[in-house]
Amino acid sequence: AEKHAGVSCVTVSMDDIQFEEAARVGQIIAIKAKVNRAFKTSMEVGIKVTVQDVLTNVEKIVSVAYATYVAKPVGAGKIALEPVKLLSTEDHLEHALAIERRRIRLGYEQIFQNLMQESNKEGDYCDTFEEEDAVSTDVTHVQSIELVQPPHANHHGNTFGGQIMAWMETVASISASRLCHSYPVLKSVNMFKFWGPSVVGDRLVFNAVVNNAFQNSVEVGVRVEAYNCEEWIKDQARHINSAFLIFNTVNDKGELLTFPRIKP
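Residues numbered from 1 in each chain as written. Predicted model: local features only at pLDDT ≥ 70, side-chain atom pairs only at ≥ 80, totals over all residues. Heavy atoms only, no water.

Under the annotation held in an unreviewed UniProt entry, the protein chain carries the name Acyl-coenzyme A thioesterase 12 and is attributed to Nipponia nippon. Listed under Subcellular location (unreviewed entry) in UniProt, the entry text for the protein chain is "Cytoplasm". UniProt, in the comment section headed Catalytic activity (unreviewed entry), describes the protein chain in these words: "butanoyl-CoA + H2O = butanoate + CoA + H(+)". (UniProt positions renumbered as here; feature names shortened; annotations may be inferred.)

Enquirer: I would appreciate a short explanation of the overall build of the protein chain in the present structure.
Expert: A tally of helices and strands in the protein chain yields four helices and twelve strands. Relative to its length of 264 residues, the protein chain is compact, with a C-alpha radius of gyration of 20 Å against a globular reference of 18 Å. For the protein chain, the spread of C-alpha atoms along the principal axes amounts to about 60 × 55 × 35 Å. Buried positions account for 34% of the 264 residues belonging to the protein chain. Excluding contacts between residues fewer than 6 apart, the proportion of contacts in the protein chain whose partners are at least 24 apart in sequence is 70%. Per element, the accessible surface of the protein chain, about 16000 Å² overall, is 54% carbon and sulfur. For the protein chain, the distance from the average position of its 26 positive side-chain charges to the average position of its 33 negative side-chain charges is 8 Å. (Helix = DSSP H or I, 4+ residues; strand = E, 2+ residues; numbered from the N terminus. Rg over C-alpha atoms; globule rule 2.2 N^0.38 Å. Buried < 20%, exposed > 50% of the residue type's maximum accessible area, 1.4 Å probe, protein only. Contact = heavy atoms within 4.5 Å. Areas by Shrake-Rupley, 256 points an atom, 1.4 Å probe, with all protein chains shown as cover. Lys, Arg positive; Asp, Glu negative; His and termini not counted. Charge placed at Lys NZ, Arg CZ, Asp CG, Glu CD.)

Enquirer: Help me understand the domain arrangement of the protein chain in this model?
Expert: Buried accessible area, meaning the area lost when the parts come together, often serves as the stated size of an interface. Domain annotation of the protein chain identifies domain 1 (1-110) and domain 2 (134-263). For domain 1 and domain 2, the distance between their C-alpha centroids amounts to 23 Å. Taken together, the contacts link 16 residues of domain 1 with 13 residues of domain 2. Taking both partners together, domain 1 and domain 2 bury about 1300 Å²; carbon and sulfur atoms supply 52% of that area. Of all residues in domain 1, M14, I17 and F19 give up the largest surface area on contact with domain 2, accounting jointly for 35% of the area buried on that side. Along the contact surface separating domain 1 from domain 2 lie zero salt bridges. Linking domain 1 with domain 2 are four residue pairs in polar contact (both at pLDDT 80 or more), by the criterion used here. Among the elements that take part in the side of domain 1 that touches domain 2, strand 1 (residues 9-14) stands out by supplying six residues, more than any other. (Domains from an automatic or database assignment. Buried area = accessible area lost by both parts, 1.4 Å probe. Salt bridge = Lys/Arg side-chain N within 4 Å of Asp/Glu carboxyl O. Polar contact = N/O pair within 3.5 Å; in protein donor to acceptor, adjacent residues only side chain to side chain.)

Enquirer: Would you take a moment to explain the packing of aromatic side chains for this structure?
Expert: In this description, a pair of aromatic rings is defined by centroid distance and the angle of the planes. Going through the model one piece at a time under the given rule, you end up with three aromatic pairs. Here F192 and F194 contribute two aromatic rings whose centre-to-centre distance is 5.1 Å and whose plane-to-plane angle is 85°, an arrangement assigned as edge-to-face. No difference in accessibility class separates F192 from F194, as the two residues are buried. Ring geometry for Y227 against W232: centres 5.1 Å apart, planes inclined by 85°, an arrangement best described as edge-to-face. (Phe/Tyr/Trp six-rings, centres within 6.5 Å; stacked < 30°, edge-to-face > 60°.)

Enquirer: When you look at unusual backbone geometry in this model, what are you seeing that I'm missing?
Expert: Negative phi characterises most residues that are not glycine, and trans characterises most peptide bonds. Within the chain, H181 stands out as a residue other than glycine whose phi angle is a positive 50°. When you line up the elements, H181 lands in the loop between helix 3 (161-180) and strand 8 (185-194). Its identity is not glycine, yet M191 carries a phi of approximately 55°, on the positive side. Secondary-structure assignment places M191 in strand 8.

In structure tokens, the structure reads:
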């Protein structure tokens, strides 16, 4: 992203990330990234992660993701980006798909906001939920607090997006495990958006809870709030990140296990 913009860049969102394969100790990870399309002041960067087994030499795709970056200006104004030079057939295809992914992402966020507004109008409907053997969501609530230190931040002093995602996965995994009483496997991360930055010295509070359980998967919502020292004393949080993580769990034979129903 910085090669294309010529200046420093910051991540503003990650499109839904699907995990096709697990990467394990002893395997070789290859990460390839390129700018697919530049819009007026933002750009889409495609990221492909593959894993190679050193014993069999077999290469498999771990994940394909699309990150949206904006150039970080020196002054107050925004930076206009140059168009991407398209060299191959794949470049042209990704360039065309990038505008569709952007359209879907923006529409997805609007639909989500509309749903939230409608649910607030309807009021509290949790008391109407009656199902035997359902597990209360209170059991799945997990909170974690992390202190952002220099190894957790980039050269701007901002917390790595990947570090935040790693902390989110940990707290979400614990939340899901309280429902399935097993070791959940992360399958996807949805609506991962950066609402604001966090920096070295900030305390990050992660709150995770199971939102809903389906037959073979479960959705865990995670909200991240940041505090500097003054904000911590005054209890004034900055909402910097939210995401929805999808897990499933398998037995020793690799068969998907069924999650119990949850009571909101």
